[in-house]
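So the chains spell out like this:
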Amino acid sequence: MTISDYASLIVDAGEYSGNDKFVHVAPRLLGLAELKLNRGLRVADMESSATLTLSNGNASLPADFLEAREVRTSANVPIRAVSLQQLTSSYAGNSGTPAGYAIVGSTLKARPISDQALTLSYYAKIPALTPAAPTNWLLTKAPDVYLFALVNEIAIWAKDVAAAAAAQQLLMLALSGINIGDERARWGNAQVVVGGLTP
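Numbering of residues starts from 1 in every chain and runs along the sequence as written. In keeping with the predicted nature of the model, local features appear solely for residues at pLDDT of at least 70, side-chain atom pairs appear and are counted solely at 80 or more, and the whole-chain, interface and lining totals rest on all residues. Note that water and hydrogens are dropped before the side-chain values are worked out from all heavy atoms of the structure.

1. Things to note about the pattern of salt bridges
Move 1: Any carboxyl oxygen of Asp or Glu that lies within 4 Å of a side-chain nitrogen of Lys or Arg is treated as forming a salt bridge with it. Per the counting criterion, the structure on display carries 7 salt bridges.
Move 2: In this structure, the salt-bridge partner of D45 is K141, at a minimum N-O distance of 2.5 Å. Placement of the pair is D45 in the loop between α2 (26-40) and β1 (47-53) and K141 in helix α4 (residues 137-141), with a sequence separation of 96 residues.
Move 3: Residue class for K141 comes out partly exposed when judged on its relative accessible area of 49%.
Move 4: The partner of D182 in a salt bridge is R186, with the nearest N and O atoms 2.9 Å apart. Within this pair, D182 and its partner R186 are both found in helix α6 (residues 161-187), separated by 4 residues, close to a single helical turn.
Move 5: Given a relative accessible area of 8%, D182 falls into the buried group.
Move 6: A relative accessible area of 24% places R186 in the partly exposed class.
Move 7: Here the salt bridges share partners, and the residues they tie into one network are E47, R69, D182 and R186. Secondary structure elements follow DSSP: runs of H or I of four or more residues count as helices, runs of E of two or more count as strands, with numbering from the N terminus. Only protein chains enter the calculation, and the probe is 1.4 Å; a residue is then buried if its accessible area is under 20% of its type maximum, exposed if over 50%, and partly exposed in between.

Okay, here's the thing in structure tokens:
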């Protein structure tokens with residue numbers, strides 16, 4: 001594929017969709033495509049980490065946060081995710097080293113209450129493509145995902161149901177390919193180990 005940046009993506013999407021009238025709404029359509037991709041795509045390239053400094057047991061999440069992978073204390077001990085109700089009832093009023101956390105809106109709440117730093121491993125949003133930031137890891141790794149996601153949005157915008165359905169199918173195939181590649185890269189030759197007693 002010859003898609004290497006924002007401009008070439010817009011050109012190719014116009015050719016694939018057979019519609020060059022979308023250019024004035026291209027940033028909005030691309031934003032919608034990225035919004036939908038961020039809802040479902042979870043691959044290693046999206047993983048990031050950040051240090052969160054607790055204040056009275058609470059810390060703001062990074063602006064690009066989508067989903068937590070792991071949270072560790074300053075002693076590098078993992079703490080577990082629990083429901084807000086369990087976090088509140090189990091650790092009400094206690095202070096000390098955090099043992100559990102819950103995410104409420106854009107805040108991570110860790111309990112027992114502490115002011116220490118936590119290390120958050122998380123899935124980050126796909127960096128938005130713009131004329132000023134014309135490329136990102138996803139466009140480099142899987143330009144077909146971006147192409148079919150944008151063609152799908154163009155078809156929806158043009159109220160072309162058949163074209164939207166066709167683009168959606170192509171997008172699903174492209175996403176399946178990137179997910180399979182990610183699984184193979186992570187777990188390629190790993191063996192399944194069954195825990196516990198076996199008969």
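That shown, we press on.
2. As for the layout of surface pockets
Empty space among the atoms can be located by rolling a probe the size of a water molecule over them.
Move 1: Estimates place the volume of the largest pocket at around 160 Å³.
Move 2: Lining the largest pocket are 13 residues; nearest its centre among them are K36, L37, L171, M172 and L175.
Move 3: Of all the elements in the fold, those that place two or more residues in the lining of the largest pocket are α2, α5 (143-157) and α6.
Move 4: Per-element accounting of the lining of the largest pocket gives the leading share, 5 residues, to α6. A pocket here means an open set of points on a 1 Å grid, computed over the protein atoms alone, that has protein on both sides within 12 Å along at least five of seven lines. A cavity is instead a set of points where a 1.4 Å probe fits but cannot get out; residues with an atom within 4 Å of a point line either one. Grid points are joined across faces, edges and corners, and a volume is the space filled by probe spheres set on the points.

3. Notes on the sheet that holds strand β5 (residues 100-104)
Move 1: The criterion for strand pairing is that DSSP finds at least two bridges linking the strands in question. Pairing in this open sheet of 7 strands is mixed, and the strands run β1-β7-β3-β4-β5-β6-β2 from one edge to the other. The two strands at the open ends of the sheet, each matched to only one other strand, are β1 and β2 (58-60). Taken over all neighbouring pairs, the strand axes of this sheet differ in orientation by 35 degrees on average, direction set aside.
Move 2: Note: β1 against strand β7 (residues 117-124), 7 bridges, orientation antiparallel. Residue pairing across strands places E47 opposite Y123, the latter belonging to β7. Orientation is described by lines fitted to C-alpha atoms, with helices fitted over the stretch in contact, and by angles between N-to-C directions that extend from 0 to 180 degrees.

4. Remarks on α6
Move 1: To estimate how far a helix should reach, multiply one less than its number of residues by 1.5 Å. The terminal C-alpha atoms of α6 lie 38 Å apart, and with 27 residues this matches the ideal 39 Å at 1.5 Å per residue to within 8%.
Move 2: Among the residues making up α6, those that are buried are A164, A167, L171, A174, L175, I178 and D182.
Move 3: For this analysis, residues touch if any pair of their heavy atoms sits within 4.5 Å. Buried-residue contacts for α6 involve α2, α4 and α5.

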